[in-house]
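# Architecture at a glance
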Amino acid sequence: MTGLSFAIQHLSFAIRHLSVVICCLSVSMMLTSCVDTDEKPDTPTGNFEALWQIIDEHYCFFDYKQQEYGLDWNDVYNKYKVRVSDNLNSLQLFEILTDMLGELRDGHVNLYTSHDVGRYWTWHEAFPKNFSDTLSRHYLGTDYKIAGGIKYKVLDDNIGYMRYESFAQNIGEGNLDDALLYMALCQGLIIDIRNNGGGDLTNAERLAGRFVDEETLVGYIVHKTGSGHGDFSSPEERRLSPSSNIRWHKPVCVLTNRSVYSAANDFAVIMHALPNVTIVGDHTGGGSGLPMSSSLPNGWNVRFSACPILDKDMQQTEFGIAPDVYAALSDESTAQNSDPIIETARKILTK
């Protein structure tokens, strides 16, 4: 998705979290720079220096990623500085800057130009898919129902099944009322968010609010307070409010894989905090930093993670969360038209 659409989708979430608004108001707009840097010339060297400084002063995961895989942003500077000279053309400069940003291993970090978008996709490309469109169509059949962005049906063992492909696809309160009422007699519910790359956090929270009866602590959020790598506010609680509409009180399984990212990862984190929910499948992809944006001297835009979201135990979720129960697809199961992740959830819910 584009930087503009990603930011607009996070506007409503930011409004409901004033600390994020104070820190990241311009995150929601993505049209103007919200980062001040020392003025740099519009040369390849000047753009390199500007980008490195923007990330150095405002990126939010340096300490965590230094701990996880030894990231040293000063070493990154030295590594890429020698590749930059003022006789580079724009394509060569774009390649170098994109490679440098790739050192952050962050799918929320992008470099936007008129000819391309620099991105890091190894967060899901280097892992098994654990999802099959063919199997998904097999389980849904042709008689499924559609409520907003959700496809749903009752499986033959009286387990409700929801497939939510992207939180960029809206769901309204009426959609959820109709879907949950239709499956009210089911003994359990599967929510399949595999391959959901994120979207609107409001949709994630709206759905999650159907599974609590009281305000529930689901995590924390912090924001940058200075240019130092460790300059952050104290963690502030994130609490999930129950919906005033139909709520679900029976067991739930949420299905995940490595392509669950951003708002979908956040949904998995929220649901993992609830006692009647089991996460089934593979590790999620992550992407827990709310984004910020800035511009380089040549007009290129850069997006980057600025405000970390932690789980209820104050643990980072930037690299995703592990499922409660691991399950994976195989060539044999696919040939048999069977999805072991769905089947594992069905066994859990029919106990």
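Keep in mind it's a predicted model, so treat the numbers as computed, not measured.

## A short note on the environment of Ser294
Here Ser294 shows up in strand β11 (residues 289-295). Separated by 10 residues in sequence, Ser294 and Phe304 place their C-alpha atoms 8.8 Å apart.

## Things to note about the packing of helix α4 (residues 44-58) against helix α6 (residues 73-81)
Packing of α4 against α6 brings their axes to within 11 Å, and their N-to-C directions diverge by 170 degrees. In terms of axis orientation, α4 runs roughly antiparallel to α6. As α4 packs across α6, the resulting crossing turns out to be right-handed. For the pair formed by α4 and α6, the contact residues are Thr45, Phe48, Glu49, Trp52, Ile55 and Asp56 on the first element and Trp73, Asn74, Tyr77, Tyr80 and Lys81 on the second. When grouped by side-chain class, the residues that make up the contact of α4 with α6 number 6 nonpolar, 2 polar and 3 charged.

## Comments concerning the nonpolar core
The tendency in soluble globular proteins is for nonpolar side chains to be buried as a group. The biggest cluster of nonpolar side chains holds 76 residues, and the ones touching the most others in it are Ile55, Ile191, Phe267 and Met271. In terms of residue count, helix α12 (residues 263-272) provides more of this core than any other element does, 7 residues in total. Counting 16 residues, the second-largest nonpolar core is a separate cluster that includes Leu140, Tyr161, Ile190 and Leu349.

## Brief notes about the packing of α6 against helix α7 (residues 90-102)
Two measures define how a pair of helices packs: the angle their axes make with one another and the distance between the axes. Look at α6 against α7: their axes get within 10 Å of each other, and the N-to-C directions meet at 160 degrees. Between α6 and α7, the interaxial angle falls into the category roughly antiparallel. Of the two elements, α6 crosses α7, and the hand of that crossing is right-handed. Contacts between α6 and α7 involve Trp73, Val76 and Tyr80 on the former and, on the latter, Ile96, Asp99 and Met100. Residues of the contact of α6 with α7, tallied by class, amount to 5 nonpolar, no polar and 1 charged.

## Let's talk about the environment of Asp143
Locating Asp143 in the fold gives a position in the loop between α9 (133-140) and β3 (145-147). As a C-alpha pair, Asp143 and Lys153 span 10 residues in sequence and 7.7 Å in three-dimensional space.

## Regarding the pairing of strand β9 (residues 252-256)
Summarising burial for β9: 5 of the 5 residues are buried, a large majority. Here 4 bridges tie strand β6 (residues 188-192) to β9, and the two strands are oriented parallel to one another. By the bridge assignment, Ile191 is partnered in β9 with Val254. Strand direction decides the pairing type here: β9 and strand β10 (residues 277-281), joined by 5 bridges, are parallel. Bridged to Leu255 within β10 is Val280. For the crossover that starts at β9, traverses α12 and ends in the parallel β10, the hand is right-handed.

## Concerning the sheet that holds strand β5 (residues 159-164)
Overall, mixed pairing links the 7 strands, which are arranged β3-β4-β5-β6-β9-β10-β13 in an open sheet. With partners counted over all chains shown, the strands left at the sheet margins are β3 and β13 (325-326), one partner each.

## Let's talk about α12
A large share of α12 lies buried, amounting to 9 of its 10 residues. Among all positions in α12, only Ala263, Ala264, Asn265, Asp266, Phe267, Ala268, Val269, Ile270 and Met271 are buried.

## Thoughts on α4
An α-helix turns once every 3.6 residues. As a result, residues three or four positions apart point the same way. If you check α4, its first and last C-alpha atoms are 21 Å apart, about what 15 residues at 1.5 Å a residue would give, namely 21 Å. Counted residue by residue, α4 has 14 buried out of 15 residues, so it is predominantly covered.

## Some details on the confidence of the model for the protein
This prediction gives the protein a mean pLDDT of 90; 89% of its residues lie at or above 70. Here residues 1-34 scores under 50 on pLDDT; set against residues more than four positions off or in separate chains, the count is 72 contacts.

## Quick word on the side chain of Ser233
One can find Ser233 in the loop between β7 (216-221) and β8 (236-240). Contact partners of Ser233, with chain neighbours within four places excluded, come to Val222, His223 and Thr225.

## Examining the pattern of salt bridges
Within the structure shown, the criterion is met by 22 salt bridges. Two residues, Arg83 and Asp99, come together in a salt bridge whose shortest N-O distance is 3.4 Å. Linking Arg83 in the loop between α6 and α7 with Asp99 in helix α7, this pair joins segments that are 16 residues apart in sequence. Given a relative accessible area of 31%, Asp99 falls into the partly exposed group. Between Glu173 and Arg206 there is a salt bridge, and its shortest N-O distance comes to 3.7 Å. Here Glu173, found in helix α10 (residues 173-182), pairs with Arg206, found in helix α11 (residues 201-208); they are 33 residues apart in sequence, far enough to count as distant. On the accessibility criterion, Glu173 (33% relative accessible area) is partly exposed. A residue is classified by how much of its surface remains accessible, and Arg206, at 26% relative accessible area, is partly exposed.

Thresholds, definitions, all that
Residues numbered from 1 in each chain as written. Predicted model: local features only at pLDDT ≥ 70, side-chain atom pairs only at ≥ 80, totals over all residues. Heavy atoms only, no water. Helix = DSSP H or I, 4+ residues; strand = E, 2+ residues; numbered from the N terminus. Axes fitted to C-alpha atoms, helices over the stretch in contact; angles between N-to-C directions. Parallel < 35°, antiparallel > 145°, perpendicular 65-115°, else oblique. Left-handed = near helix turned anticlockwise from the far one by under 90°. Contact = heavy atoms within 4.5 Å. Nonpolar A, V, L, I, M, F, W, Y, C, P; charged D, E, K, R; others polar. Core = buried A, V, L, I, M, F, W, Y, C linked by side-chain atoms within 4.5 Å. Buried < 20%, exposed > 50% of the residue type's maximum accessible area, 1.4 Å probe, protein only. Pairing = 2+ DSSP bridges. Right-handed = clockwise from strand over helix to strand, strands pointing away. Expected span 1.5 Å × (residues − 1). pLDDT = per-residue confidence, 0-100. Salt bridge = Lys/Arg side-chain N within 4 Å of Asp/Glu carboxyl O.

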